[in-house]
Amino acid sequence: MATKVTTVKDGPLMVKGQIEVLDPQGQLITTSTDTAYFCRCGASGKKPFCDGGHKKISFQG
Ligand code: FES
């Protein structure tokens, strides 16, 4: 089954499937085999992951 990336309205990117998340140096941050959420608003304190900060800034997109 393919990994699926969905843009959540006014929120993060939702990634469902098996992924590896790497830092800028190529080091493994974490793996996920279920669902991961990535910030696209810029307000997260846990980048690259969403921490719900998009709600505080009323992100639209
Ligand atoms: S999208 Fe959720 S904190 Fe940025």
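Reading the values: the criteria
Residues numbered from 1 in each chain as written. Predicted model: local features only at pLDDT ≥ 70, side-chain atom pairs only at ≥ 80, totals over all residues. Heavy atoms only, no water. Helix = DSSP H or I, 4+ residues; strand = E, 2+ residues; numbered from the N terminus. Buried < 20%, exposed > 50% of the residue type's maximum accessible area, 1.4 Å probe, protein only. Areas by Shrake-Rupley, 256 points an atom, 1.4 Å probe, with all protein chains shown as cover. Salt bridge = Lys/Arg side-chain N within 4 Å of Asp/Glu carboxyl O. Pairing = 2+ DSSP bridges. Core = buried A, V, L, I, M, F, W, Y, C linked by side-chain atoms within 4.5 Å. Contact = heavy atoms within 4.5 Å.

**Details of the overall build of the chain**
Here comes step 1: When its secondary structure is counted, the chain shows one helix and five strands.
Here comes step 2: Reading the secondary structure of the chain in the N-to-C direction produces β-β-β-β-β-α.
Here comes step 3: With the C-alpha coordinates aligned to their principal axes, the bounding extent of the chain is approximately 30 × 30 × 15 Å.
Here comes step 4: Among the 61 residues that make up the chain, the fraction classed as buried is 28%.
Here comes step 5: Total accessible area on the chain is roughly 4400 Å²; 51% of this is exposed by carbon and sulfur atoms.

**So, the pattern of salt bridges**
Here comes step 1: This model, assessed by the stated rule, comprises one salt bridge.
Here comes step 2: The shortest N-O distance in the salt bridge between lysine 9 and aspartate 10 comes to 3.2 Å.
Here comes step 3: Overall, the relative accessible area of 68% leaves lysine 9 in the exposed class.
Here comes step 4: On the accessibility criterion, aspartate 10 (27% relative accessible area) is partly exposed.

**Focus: the pairing of strand S1 (residues 4–7)**
Here comes step 1: With four bridges joining them, S1 and strand S2 (residues 13–16) adopt antiparallel strand pairing. Within the sheet, the bridge partner assigned to threonine 7 lies in S2 and is leucine 13.
Here comes step 2: The hairpin formed by S1 and S2 contains five residues between the paired strands, and aspartate 10 there has a positive phi angle of roughly 60°.

**So, the nonpolar core**
Here comes step 1: Within the largest apolar cluster, six residues are counted, these being Val15, Ile19, Val21, Ala36, Phe38 and Phe49.
Here comes step 2: Mapped onto this core, the elements with two or more residues apiece are strand S3 (19–22) and strand S5 (35–38).
Here comes step 3: Ignoring sequence-local partners within four residues, the contact set of valine 15 consists of Thr3, Lys4, Val5, Asp34, Thr35, Ala36 and Phe38.

Function-wise, these values are silent; they only describe arrangement.
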